[in-house]
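# Per-entry structural report
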Amino acid sequence: MKFARTISLASLLLAAYLPSLAAADAAATFPDKPVRMIVPWPPGGSTDLIARMMAKKLNEQWKVPVVVENKPGASGIIGSGALAKAAPDGYTIGWIISTHAVNPSLHKELPYDSRKDFAPVALIASMPDYLVVNPKVPAKNLQDLVVLMKKQPGKMTFASAGTGTSTHLAGELFKQTAGVDIIHVPYKGGSPAITDLTGGQVDLMFANSGSILPFIRGEKVPALAVTSAARNAEFTATPTVAESGYPDFEVNEWYGLAAPAGTPSGILEKIQKDVLAAAKDPDFQSTIANQFGGELTLKDRLEFEKFIGKETERWSRVIKSSGIAAQ
């Protein structure tokens, strides 16, 4: 009987040990087949272009194909849902951006839990918004613009790339911070919003740097302020919103990678290490800065998880106080 109990205990210990051994083996050989990278936005936008740069760098490191798969729709919800439901083996990773922290407060029901169903890998980059006005608006700086807003409450309009985007929430946050009443005009993307801005159909916009920089460089629209903590090295004459009299104001659209929850920690560590190394490549950094007007904001998976939590709480407060209707 004692011998039988000893055999039983050994069997239990072996059964407990085998899964961890298998996970260690999987991490040691990862990746040994193609990796799928989900982008929850259409081809051609900032997220897609950053993803394709990263996929190329990882392909060079891993010597296996890293296949970008666009799954756009519903403010990133469709793509994020596909990522959450993928096998947690490291062979499906995906991008989550600022809207990931907004969607839980903006939508009554999501096909996933934005905190529990994802394993953050790394935060990569961030891009500010530029406060731009159409050329007909008689304001040379942010202070002039606020004076105009307060003289015409409920009359001036601000465009956005859509409800819940950083370009929308930056405007809502500014309304609260400056105590002004301006009307939100949502568009289906940044391009049509910028077209109407330059054409004079709307008064102003907090436009993402990746979309608006060509128009600022071409002097198509005046840039009155930038929403980042510091001025951009290229546009040193454009002050931050904080410098313009609103010291607590900062908004950035951020971009990071995640995997499905349950992905083994050894594989997550491997992906994190290689992703952060790829992001530090000079070509990658240069493109982020020069093409998109952004910067690297590297955080490991534990720091990124905390960051997502803080961003979710922050925008929940803004959405609630703004009275933005959940969808």
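Let me sum up the structure you'll find in this document. All values derive from a computational prediction rather than experimental measurement.

Rules behind the numbers
- Residue positions are given per chain, counted from 1 along the sequence in the order it is written.
- Note on the predicted model: pLDDT of at least 70 is required for a residue's local features to be given, and 80 or more for side-chain atom pairs to be given and counted; whole-chain, interface and lining totals, by contrast, use all residues.
- To obtain the side-chain values, all non-hydrogen atoms of the structure were included, while hydrogens and water were left out.
- Think of it this way: any DSSP run of H or I at least four residues long counts as a helix, any run of E at least two long counts as a strand, and we number them from the N terminus.
- Buried means the residue's accessible area, taken with a 1.4 Å probe over protein chains only, is under 20% of the maximum for its type, while exposed means over 50%, and partly exposed covers the values in between.
- Under the convention used here, a 1.4 Å probe and the Shrake-Rupley method define accessible areas, while residue burial counts only the protein chains that appear.
- Charge assignment: positive for Lys and Arg, negative for Asp and Glu; neither His nor the chain ends contribute.
- To locate a charge, the coordinates of NZ of Lys, CZ of Arg, CG of Asp or CD of Glu are taken.
- Pairing of aromatic rings covers Phe, Tyr and Trp, the last counted by its six-membered ring, and requires centre-to-centre distances within 6.5 Å; plane angles under 30 degrees mean stacked, over 60 mean edge-to-face, and any other angle means tilted.
- All axes here are fitted lines through C-alpha atoms, helices being fitted over the stretch that makes contact, and every angle between N-to-C directions spans 0 to 180 degrees.
- Roughly parallel means an angle under 35 degrees; roughly antiparallel, over 145; roughly perpendicular, 65 to 115; everything else is oblique.
- Here a residue-residue contact requires only that any non-hydrogen atoms of the pair lie within 4.5 Å.
- Gly is put with the polar residues, along with every residue not named as nonpolar or charged; the nonpolar set is Ala, Val, Leu, Ile, Met, Phe, Trp, Tyr, Cys and Pro, and the charged set is Asp, Glu, Lys and Arg.
- A crossing counts as left-handed when the near helix is turned anticlockwise from the far one by less than a right angle, and as right-handed when that turn is clockwise.
- Expected span of a helix: the number of residues minus one, times 1.5 Å.
- An arc is given here, and it is the one of the directions from the helix axis to the C-beta atoms.
- Between N or O atoms, a polar contact is any pair within 3.5 Å; within protein, one atom must be a potential hydrogen donor and the other a potential acceptor, and residues adjacent in sequence are included only when both atoms are from side chains.
- The criterion for strand pairing is that DSSP finds at least two bridges linking the strands in question.
- By definition, a salt bridge exists where a carboxyl oxygen of Asp or Glu is found within 4 Å of a side-chain nitrogen of Lys or Arg.

## Some remarks on the overall build of the chain
Within the chain, the secondary structure is distributed over 11 helices and 10 strands. Expressed along its principal axes, the backbone C-alpha trace of the chain runs to roughly 90 × 40 × 30 Å. For the chain, the residues scored as buried account for 49% of the 327 residues in total. Roughly 15100 Å² of accessible area belongs to the chain as shown, and the carbon and sulfur atoms make up 56% of that amount. Taken as two groups, the 33 positive and 31 negative side-chain charges of the chain have centres that lie 3 Å from each other.

## Thoughts on the packing of aromatic side chains
Here the structure, examined in full by the defined rule, presents 10 aromatic pairs. Geometrically, the ring pair formed by phenylalanine 174 and phenylalanine 249 is edge-to-face, given 5.9 Å between the ring centres and 80° between the ring planes. Taken together, the residues span a long stretch of sequence, with phenylalanine 174 in helix 6 (residues 166-178) and phenylalanine 249 in the loop between strand 8 (223-226) and strand 9 (252-260) at a distance of 75 residues. Phenylalanine 249 matches phenylalanine 174 in its accessibility class, with the two residues each being buried.

## Some thoughts on the packing of helix 2 (residues 46-62) against helix 10 (residues 282-290)
The interhelical angle for the contact between helix 2 and helix 10, taken along N-to-C directions, is 175°, at an axis separation of 11 Å. Between helix 2 and helix 10, the interaxial angle falls into the category roughly antiparallel. Seen from helix 2, the contacting residues are Ile50, Met53, Met54 and Lys57; seen from helix 10, they are Asp283, Phe284, Thr287 and Ile288. Across the contact of helix 2 with helix 10, the residue classes tally to 5 nonpolar, 1 polar and 2 charged.

## Observations concerning the packing of helix 6 against helix 11 (residues 301-322)
Two elements in contact, helix 6 and helix 11, have axes whose closest approach is 10 Å; the angle formed by their N-to-C orientations is 65°. Classified by the interaxial angle, the pair formed by helix 6 and helix 11 is roughly perpendicular. As helix 6 packs across helix 11, the resulting crossing turns out to be left-handed. Residues Leu169, Glu172, Leu173 and Gln176 of helix 6 form the contact with helix 11, whose participating residues are Arg314, Trp315, Val318, Ile319, Ser321 and Ser322. Residues of the contact of helix 6 with helix 11, tallied by class, amount to 5 nonpolar, 3 polar and 2 charged.

## Some details on helix 6
With 13 residues, helix 6 should cover 18 Å at 1.5 Å per step; its first-to-last C-alpha distance of 18 Å lies within 8% of that length. The element helix 6 is extensively covered by neighbouring structure, given that 10 of its 13 residues are classed as buried. When we look at burial in helix 6, the residues that qualify are Ser166, Thr167, His168, Leu169, Ala170, Gly171, Glu172, Leu173, Phe174 and Ala178. At the C-terminal side of helix 6, glycine 179 shows a positive phi close to 70°.

## Focus: helix 8 (residues 209-217)
For helix 8, the complete set of buried residues consists of Ser209, Ile212, Leu213 and Ile216. The buried residues of helix 8 occupy an angular sector of 125° when the element is viewed end-on, so they sit on one face. Measuring from the side-chain oxygen of the N-cap residue of helix 8 to the backbone nitrogen of glycine 210 gives 3.0 Å; that N-cap residue is asparagine 208. Residue glutamate 219 follows helix 8 closely and has a positive phi angle near 60°.

## A short note on the side chain of serine 46
Looking at the element boundaries, serine 46 is found in helix 2. Classification of serine 46 as buried rests on a relative accessible area of 15%. Aside from chain neighbours lying at most four places away, what touches serine 46 is Met127, Asn208, Gly210, Tyr255 and Phe292.

## Side note on the pairing of strand 9
Of all 9 residues making up strand 9, 9 are buried, and the element is well covered by its neighbours. Bridge count between strand 3 (residues 92-97) and strand 9: 4 bridges; the pairing is antiparallel. When the sheet's bridge partners are listed, tryptophan 95 is paired in strand 9 with leucine 257. Pairing analysis gives 9 bridges linking strand 4 (residues 118-133) to strand 9, with the strands arranged antiparallel. Bridge assignment links alanine 119 to a residue of strand 9, and that residue is alanine 259.

## A look at the pattern of salt bridges
Following the criterion strictly, the structure yields 12 salt bridges and no others. The salt bridge partner of glutamate 69 is arginine 36, with a shortest N-O separation of 3.4 Å. Here arginine 36 lies in strand 1 (residues 35-39) and glutamate 69 lies in strand 2 (residues 66-70), a separation of 33 residues in the sequence. Owing to a relative accessible area of 24%, glutamate 69 belongs among the partly exposed residues under this scheme. Across the salt bridge formed by lysine 175 and glutamate 172, the nearest N and O atoms sit 3.6 Å from each other. On the criterion of helical spacing, the pair formed by lysine 175 and glutamate 172 is a turn pair, its members being 3 residues apart in helix 6.

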